[in-house]
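# Analysis of the macromolecular model
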Amino acid sequence: MRFWVITIFPEIVYASMISVLRKAIDRGLIDVKAINPRDFTHDRHRTVDDEPYGGGSGMVMKVEPIVSAINYVKERDPETRVILLTPRGKVFNQNIAKEYSKLPSLTFICGRYEGIDDRVSYFVDDEVSIGDFVLSGGEYAFLVIFDAVARLIPGVVGDADSIAEESFSDGLLEYPQYTRPDYFMGYGVPEVLRSGNHERIRRWRRFMRLKITFERRPDLLKNAKLTEEDRLFLEAVIRGRGYVY
Ligand code: ADE
């Protein structure tokens, strides 16, 4: 899968390509290219920002270098989906990550300074935010989305099961995990996990996913895919009966 990043700070993008993502790049599963809008300016100072019309503080990123950079990418990769990173966009989540991971190519536009000329929006396919807060630059939003999308591409993460079972995969948070030792400062590992009984372990894990989601993020339950067994577990959680696995 191809990732293009339109940014005046390519070094933020390239410096972050380590670990799992680095390996995926080296194995040819993903390809990341940063494109600098400064390379599409024509003045001596390579100006990418200017004062806002109407006055006000700060500078605004100019429309021409960014649209020239988009055109440069589209000429080389016509099927790319162009995404503007902005706090005004729809909020990124695991479903969007899944949808993006099936596409052949994505192009992200990272804004800097106080804003970006609004006319850039006529040249993009989506506007996406990573949450209700303001970052100093879209580069950090890109890194978050890139990691979430890239790890869904087959082969990037070693164990496909770990993706199938993790938080949000079916709209629920993850069950608790433990490793040795059995006891740490008085805190034990739940007995069921040491029982070797796979069916009991499966039920306990499912029960815990429902309990933790109910306690911490009840909003997620509205869209979760629940089975008949899940409904029984959930009823037990709601009534505070606990342990029914
Ligand atoms: N740029 C600045 N803040 C952002 C956010 N929350 N999401 C995406 N891009 C941004």
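Just so it is clear, the structure is predicted and the values come from calculations on it, not from any experiment.

## Side note on the domain arrangement of the protein
Domain boundaries in the protein define domain 1 (2-150) and domain 2 (170-238). Taken over C-alpha atoms, the centre of domain 1 sits 38 Å from the centre of domain 2.

## Structural notes on the site of the ligand
Around the ligand sit Leu85, Thr86, Pro87, Val128, Ser129, Ile130, Gly131, Phe133, Val134, Leu135 and Ala141, and that is every residue in its neighbourhood. Phenylalanine 133 is positioned such that a nitrogen or oxygen atom in its backbone is 2.8 Å from a nitrogen atom of the ligand. Measuring from a nitrogen atom of the ligand, one finds a backbone N or O atom of leucine 135 at 3.0 Å. Burial of the ligand by the surrounding chains reaches 95%, relative to a free accessible area of 260 Å². Counting atoms within 2 Å of the grid points, the majority share of the ligand lands in the largest pocket. The residue inventory of the shell around the ligand, partitioned by class, reads eight nonpolar, three polar and no charged.

## Side note on the nonpolar core
Phe3, Ile30, Phe92, Tyr100, Phe142, Phe146 and Val149 are the most contacted members of the largest nonpolar core, which totals 33 residues. At the level of secondary structure, the elements contributing two or more residues to this core comprise strand 1 (2-6), helix 1 (10-15), helix 2 (19-26), strand 5 (81-91), helix 4 (94-101), strand 6 (105-110) and helix 5 (138-150). The greatest single-element share of this core, amounting to eight residues, is contributed by helix 5. Dropping the residues within four chain positions of it, phenylalanine 92 is found in contact with Ala97, Tyr100, Val128, Ser129, Ile130, Ile145, Ala148 and Val149. One finds Ile8, Phe40, Val63 and Val124 within the second-largest nonpolar core, a separate group that totals 18 residues.

## Things to note about the packing of helix 7 (residues 198-216) against helix 8 (residues 228-238)
Contact geometry for helix 7 and helix 8: axes closest at 9 Å, N-to-C directions at 55 degrees. One finds that helix 7 runs oblique with respect to helix 8. Considering how the two elements wind past one another, helix 7 and helix 8 form a crossing that is right-handed. Taken together, the residues of helix 8 that come into contact with helix 7 (itself represented by Arg202, Arg203, Arg206, Phe207, Leu210, Lys211 and Phe214) are Glu229, Asp230, Phe233, Leu234, Ala236, Val237 and Ile238. Broken down by class, the residue content of the contact of helix 7 with helix 8 amounts to eight nonpolar, no polar and six charged.

## Points about the layout of surface pockets
Empty space among the atoms becomes apparent when a probe as large as a water molecule is rolled across them. As a volume, the largest pocket reaches approximately 470 Å³. Every residue lining the largest pocket is counted, 26 residues in all, and those nearest its centre are Leu85, Thr86, Pro87, Gly115 and Ile116. When residues of the lining of the largest pocket are traced back to their parent elements, those giving at least two are strand 5, strand 7 (115-116), strand 8 (126-129) and helix 5. Among the elements that take part in the lining of the largest pocket, strand 5 stands out by supplying five residues, more than any other. Taken as a whole, the second largest pocket spans an internal volume of roughly 400 Å³. Residue lining of the second largest pocket: 14 residues in total, with Gln94, Asn95, Phe168, Gly171 and Leu220 positioned closest to the centre.

## A look at the sheet that holds strand 4 (residues 60-61)
The three strands are arranged 3-4-7 in an open sheet whose pairing can be described as mixed. The outermost strands of the open sheet, each flanked by one partner alone, are strand 3 (49-50) and strand 7. Inspection of the sheet shows strand 4 paired to strand 7 by two bridges, in the parallel sense. Note that in strand 7 the partner of valine 60 across the bridge is glycine 115.

What counts, and at which threshold
Going along each chain's sequence as written, the residues are numbered from 1 onward. Restriction of local features to residues with pLDDT of at least 70 applies here, the model being predicted, together with a cutoff of 80 or more for giving and counting side-chain atom pairs; totals for whole chains, interfaces and linings are based on all residues. Hydrogens and water molecules were not included; the side-chain quantities draw on all heavy atoms of the structure. Domain segmentation is taken from an automatic or database assignment of domains. For this purpose, a residue is taken to be near a molecule or strand whenever a single non-hydrogen atom of the residue falls within 4 Å of it. Two N or O atoms count as a polar contact when they lie within 3.5 Å, although within protein this holds only if one can serve as hydrogen donor and the other as acceptor, and sequence-adjacent residues are included solely when both atoms are side-chain atoms. Each accessible area value is a Shrake-Rupley result obtained with a 1.4 Å probe; residue values ignore everything except the protein chains displayed when judging cover. Computed over the protein atoms alone on a 1 Å grid, cavities are sets of points where a 1.4 Å probe fits but cannot get out and pockets are open sets with protein on both sides within 12 Å along at least five of seven lines; a residue lines them when it has an atom within 4 Å of a point. Criterion for pocket placement: a molecule counts as inside a cavity or pocket if more than half of its atoms are within 2 Å of its grid points. Amino acids outside the nonpolar list (Ala, Val, Leu, Ile, Met, Phe, Trp, Tyr, Cys, Pro) and the charged list (Asp, Glu, Lys, Arg) are all regarded as polar, and Gly is one of them. Residue types Ala, Val, Leu, Ile, Met, Phe, Trp, Tyr and Cys, when buried and joined through side-chain atoms within 4.5 Å, form a set referred to as a nonpolar core. For each residue, the accessible area found with a 1.4 Å probe, counting protein chains only, is set against the maximum for its type, and the residue is called buried under 20%, exposed over 50%, and partly exposed in between. Counting from the N terminus, the helices are the DSSP runs of H or I reaching at least four residues and the strands are the DSSP runs of E reaching at least two. Whether two residues are in contact is decided by their heavy atoms, any of which lying within 4.5 Å being enough. Fitted lines through C-alpha atoms serve as axes, helices being fitted only where they are in contact, and the angles separating the N-to-C directions of these axes extend from 0 to 180 degrees. Geometric relationships in this document are graded by angle, where less than 35 degrees denotes roughly parallel, more than 145 denotes roughly antiparallel, 65 to 115 denotes roughly perpendicular, and other angles denote oblique. Handedness of each helix crossing follows the sense of rotation of the near helix against the far helix: counterclockwise by less than a right angle gives left-handed, clockwise gives right-handed. Grid points are joined across faces, edges and corners, and a volume is the space filled by probe spheres set on the points. In this scheme, strands are said to pair when DSSP sees at least two bridges between them.

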